[in-house]
Amino acid sequence: MSSNDPTPDYYLDDTIELTTAAQVRAIGDPLRTTLLGLLHERAATVTELADAVGRPKSTVAHHVGVLVRAGLLRVVRTRRVRAMEERYYGRTARMFFVGLGRQVDGVALPLDFNDFEVAAKESAPAYESGRLRGFLRHARIPEERAAEFWARIDQVVQEFDRLPRSGDEVYGFAVGLYPMPGHPTLPEREG
């Protein structure tokens with residue numbers, strides 16, 4: 001459960017593991033991931049979301065519906081506007097993750113969308129303007145050490161996820177840790 005930090009302005013769990021193919025497909029769409037990102041700031045109506053992304057309300061309503069059916073969004077409050085009930089949607093968790101190698105009812109879950117492909121496209125303008133911060137390093141370490149390192153990275157990701165939404169710019173944050181079979185290595189030192 002969440003410590004219910006002030007951002008966003010509604011209660012949500014810290015993490016939810018995506019356990020169905022529909023959930024993984026739901027986060028695989030770039031517009032839906034943008035909507036999920038916007039709802040990190042606060043709950044919003046379909047109208048507000050449509051205005052923010054510059055898309056028709058009907059398109060955004062469809063994508064919100066997909067996310068609601070997948071259990072990634074929910075109505076967090078309503079308000080009466082004239083004779084209509086306006087619904088405010090919020091995320092069900094701060095962070096969604098796909099368990100590696102998971103199966104549901106004997107059916108393999110689809111692969112998560114490629115975060116690095118998304119990050120590469122998003123970061124191109126920052127790279128071109130000399131504002132991209134990044135590094136790539138390699139280390140020959142045992143699997144257990146890689147898992148320990150990833151647990152520390154996960155803590156930083158969660159800290160980044162909880163930052164209050166302020167300032168004039170949105171920043172992307174991409175991290176990864178992956179095995180590299182066949183990468184050249186030096187032989188063990190003799191003597």
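Rules and cut-offs
- Residues numbered from 1 in each chain as written.
- Predicted model: local features only at pLDDT ≥ 70, side-chain atom pairs only at ≥ 80, totals over all residues.
- Heavy atoms only, no water.
- Helix = DSSP H or I, 4+ residues; strand = E, 2+ residues; numbered from the N terminus.
- Buried < 20%, exposed > 50% of the residue type's maximum accessible area, 1.4 Å probe, protein only.
- Contact = heavy atoms within 4.5 Å.
- Salt bridge = Lys/Arg side-chain N within 4 Å of Asp/Glu carboxyl O.
- Axes fitted to C-alpha atoms, helices over the stretch in contact; angles between N-to-C directions.
- Parallel < 35°, antiparallel > 145°, perpendicular 65-115°, else oblique.
- Nonpolar A, V, L, I, M, F, W, Y, C, P; charged D, E, K, R; others polar.
- Lys, Arg positive; Asp, Glu negative; His and termini not counted.
- Left-handed = near helix turned anticlockwise from the far one by under 90°.
- Polar contact = N/O pair within 3.5 Å; in protein donor to acceptor, adjacent residues only side chain to side chain.
- Expected span 1.5 Å × (residues − 1).
- Arc of directions from axis to C-beta.
- Patch = residues over 30% accessible without salt bridge, like charges linked within 9 Å, V, L, I, M, F, W, Y side chains within 5 Å.
- Areas by Shrake-Rupley, 256 points an atom, 1.4 Å probe, with all protein chains shown as cover.

Enquirer: Sorry, what's going on with the overall build of the protein chain here?
Expert: Check the secondary structure of the protein chain and you find six helices and six strands. Put simply, the protein chain runs from its N terminus to its C terminus through helices and strands in the order β-α-α-α-α-β-β-β-β-β-α-α. With 191 residues in all, the protein chain has 26% of them scored as buried. Long-range pairs, those at least 24 residues apart, make up 64% of the contacts in the protein chain with a sequence separation of at least 6.

Enquirer: Honestly, the pattern of salt bridges in this entry has me stumped. Any pointers?
Expert: One side chain can pair with another of opposite charge once the charged atoms of both are near each other. Evaluation of the coordinates by the stated rule reveals six salt bridges. Between Arg-131 and Glu-169 there is a salt bridge, and its shortest N-O distance comes to 3.0 Å. You can see Arg-131 sitting in the loop between α5 (115–128) and α6 (143–161) and its partner Glu-169 sitting in the segment after α6, a full 38 residues away along the chain. In this structure, Arg-145 and Glu-148 form a salt bridge, with 3.6 Å as the shortest nitrogen-oxygen distance.

Enquirer: In this structure, what is going on with unusual backbone geometry? I would like to understand it.
Expert: For residues other than glycine, phi is negative in most cases, and the peptide bonds are mostly trans. Residue Arg-82 is not a glycine yet carries a positive backbone phi of 55 degrees. Mapped onto the fold, Arg-82 is located in the loop between β2 (73–81) and β3 (84–91).

Enquirer: Whenever I open this one, the packing of helix α2 (residues 30–38) against helix α4 (residues 57–69) confuses me. Can you help?
Expert: What describes two packed helices is the angle between their axes and the distance between those same axes. For the pair α2 and α4, interaxial distance at closest approach is 10 Å and the crossing angle is 80 degrees. Comparing the axis directions of α2 and α4 gives the class roughly perpendicular. Residues Leu-31, Arg-32, Leu-35 and Leu-36 of α2 touch α4, and the partners they reach there are Thr-59, Val-60, His-63, Val-64, Val-66 and Leu-67. In terms of residue class, the contact of α2 with α4 is made up of seven nonpolar, two polar and one charged.

Enquirer: Where do I start with the side chain of Arg-32 in this structure?
Expert: Mapped onto the elements, Arg-32 comes out in helix α2. Buried charge without a partner: Arg-32 forms no salt bridge, and the closest opposite charge is Asp-29, 4.3 Å away. Beyond its immediate sequence surroundings of up to four residues, Arg-32 is in contact with Arg-25, Ala-26, His-63, Val-66 and Leu-67.

Enquirer: How do you make sense of the packing of helix α3 (residues 46–53) against α4 when you look at a structure like this?
Expert: Taken N-terminus to C-terminus, the directions of α3 and α4 make an angle of 115 degrees; their axes are 9 Å apart at the nearest point. Relative to α4, the element α3 is oriented roughly perpendicular. Two packed elements cross with a definite hand, and for α3 against α4 that hand is right-handed. Every residue of α4 that contacts α3 at Val-46, Thr-47, Leu-49, Ala-50 and Val-53 is listed here: Lys-57, Val-60, Ala-61 and Val-64.

Enquirer: Would you mind showing me how to read the environment of Arg-131 here?
Expert: According to the relative accessible area criterion, Arg-131 is partly exposed, its value standing at 46%. The residues contacting Arg-131, other than those within four sequence positions of it, are Ala-126, Glu-169 and Tyr-171. At 3.0 Å, the side chain of Arg-131 forms a polar contact with the side chain of Glu-169.

Enquirer: Before we go on, may I ask you to explain α6 in this structure?
Expert: Side chains three or four residues apart in an α-helix point the same way, a direct result of the helix having 3.6 residues per turn. Compared with an ideal rise of 1.5 Å per residue, which puts 19 residues at 27 Å, α6 spans 26 Å between its outermost C-alpha atoms and is within 8% of the ideal. Inspection of α6 places Ala-146, Val-157 and Asp-161 among the buried residues, and these make up the whole buried set. Seen end-on, α6 carries its buried residues on one side only, within an arc spanning 60 degrees. Opposite the buried face of α6, by more than 90 degrees, sit the exposed residues Glu-144, Gln-155 and Glu-159.

Enquirer: How should I be thinking about a nonpolar patch on the surface in this particular structure?
Expert: A cluster of nonpolar side chains, Phe-149, Trp-150, Val-156, Phe-160, Leu-163, Tyr-171, Phe-173, Val-175 and Leu-177, forms an exposed patch at the surface whose accessible area comes to about 760 Å². Following the sequence through the fold, Leu-177 ends up in the segment after α6.

Enquirer: It is not clear to me how α3 should be interpreted in this structure. Could you clarify?
Expert: Every buried residue of α3 is accounted for by Val-46, Leu-49 and Ala-50. All buried residues of α3 project into a common sector of 100 degrees when viewed along the axis, lining one side. Residues Asp-51 and Ala-52 are exposed on α3 and point more than 90 degrees away from its buried face. Elements in contact with the buried residues of α3: α2, α4 and β3.

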